[in-house]
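Descriptive analysis of the structure
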Amino acid sequence: MSTDKPIDVAGVRISHPSRVVYPDDGITKGEVAAYYAAVADWILPELVNRPLSMVRCPGGTDSACFFQKHHAAKLGSSVRPIPIEEKEGGEDDYVYIRDRKGLLQLVQMNTIEFHPWGARVDKPDSPDRIVLDLDPAPGVAWTAVVEAARGIRELLEGMELASFVRTSGGKGLHVVLPFRRGPSWQAAKDFCESVADAMVARSPERYIATASKAQREGKIFIDWLRNARGATSVCNWSLRARDGAPVAMPLRWEELGKVEGGAAFGMPVALERAAGLKADPWEGMAKLQQRLPRG
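Side note on the sheet that holds strand β11 (residues 164–167)
- The strand order across the open sheet formed by six strands is β13-β14-β10-β12-β11-β15, and the pairing between neighbours is mixed. Of all strands in the sheet, those bounded by a partner on one side alone are β13 (207–208) and β15 (250–251).
- Pairing of strand β10 (residues 129–136) with strand β14 (residues 220–223), which is carried by four bridges, proceeds in the antiparallel orientation. Each bridged residue has a counterpart across the sheet, and for L134 the counterpart in β14 is I222.

Okay, structure coming up:
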């Protein structure tokens, strides 16, 4: 029997399942599809009915991967178009999904990473969450990144705002703030900038809020720039197209001290965690009715 025979994963035909996608780890396309099928119940609340950007790697993660945000019919019957006005004017069809089938059809088209908007397809100009990405310079201790995330949480708690944390699957952490729709993208971005600036004002020797590589040595860049219209961040349970097949993992704040790095959860560990979870680490987030402070 040919090892390249298509397989069925959650009702979706996956072609070339034996093709190695992560060369250093020996992980195949079929295993990536099985991973997403296994964590579908956890990842779908992050993805459903949000415009999406995907990182697709047709030749595996060691070859040319690319971001895709626009719809194409070949992506699959359950991968849906949503017309969105472009910055330059005019409209184009972006991608969104509504179910497990759409998720697996994107995986069939060699999607490795999922990056949803902080807004939903019915109101793409009304954000409902923002992300502060903590990106440490080389040599910065992981404990300092954890401390930064806790510092942002404390700052937000001072405004009576609850926040959530995940590993990025890279070097850092994301602090995510959900809120009721209403503010514009500009208001959301301005608020993010004010939080980043407040952290820098507190500890200018530790943090930086500008993307200047020259000034980042020994510091943590609090990246608030991902909160503009059309900007995206990787979502919970998404694989990253990096060695070790790391996963962006949602955590309870109490778990943060036990985690050893931003890429601490490889695919096998993530599968084990998904199977053992009794509740979403971000449980209660969807019911929060908190409002973003004005100006």
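After that view of the structure, there is still more to cover.
Notes on the state of the cysteines
- By the definition in use, this model includes one disulfide.
- Each sulfur in the disulfide pair C57 and C65 lies 2.1 Å from the other. Residues C57 and C65 are joined through a disulfide that is right-handed, its torsion about the S-S bond being 115 degrees.
- Residue classification places C65 among the partly exposed residues on the basis of a relative accessible area of 31%.
- For C192, which is in no disulfide, the shortest distance to another cysteine sulfur is to C235 and amounts to 18 Å.
- Left unpaired, C235 is separated from the closest cysteine sulfur, that of C57, by 15 Å.
- For C235, a relative accessible area of 1% puts it in the buried group.

Looking at the packing of aromatic side chains
- Here the structure, examined in full by the defined rule, presents six aromatic pairs.
- Note on Y36 and F114: the rings are 5.1 Å apart at their centroids and 80 degrees apart in plane angle, and the pair reads as edge-to-face. Here Y36 is found in helix α1 (residues 29–38), whereas its partner F114 is found in strand β9 (residues 111–116), with 78 residues between them in sequence.
- The exposure class assigned to Y36 is buried, which follows from its relative accessible area of 0%.
- Judged by its relative accessible area of 0%, F114 is buried.
- Centre to centre, the rings of F164 and W282 are 5.6 Å apart; their planes meet at 50 degrees, and the pair counts as tilted. Here F164 is found in strand β11, whereas its partner W282 is found in the segment after α6 (267–276), with 118 residues between them in sequence.
- Classification of F164 as buried rests on a relative accessible area of 11%.

Calculation rules
- Residues numbered from 1 in each chain as written.
- Predicted model: local features only at pLDDT ≥ 70, side-chain atom pairs only at ≥ 80, totals over all residues.
- Heavy atoms only, no water.
- Pairing = 2+ DSSP bridges.
- Helix = DSSP H or I, 4+ residues; strand = E, 2+ residues; numbered from the N terminus.
- Disulfide = S-S within 2.5 Å.
- Buried < 20%, exposed > 50% of the residue type's maximum accessible area, 1.4 Å probe, protein only.
- Phe/Tyr/Trp six-rings, centres within 6.5 Å; stacked < 30°, edge-to-face > 60°.

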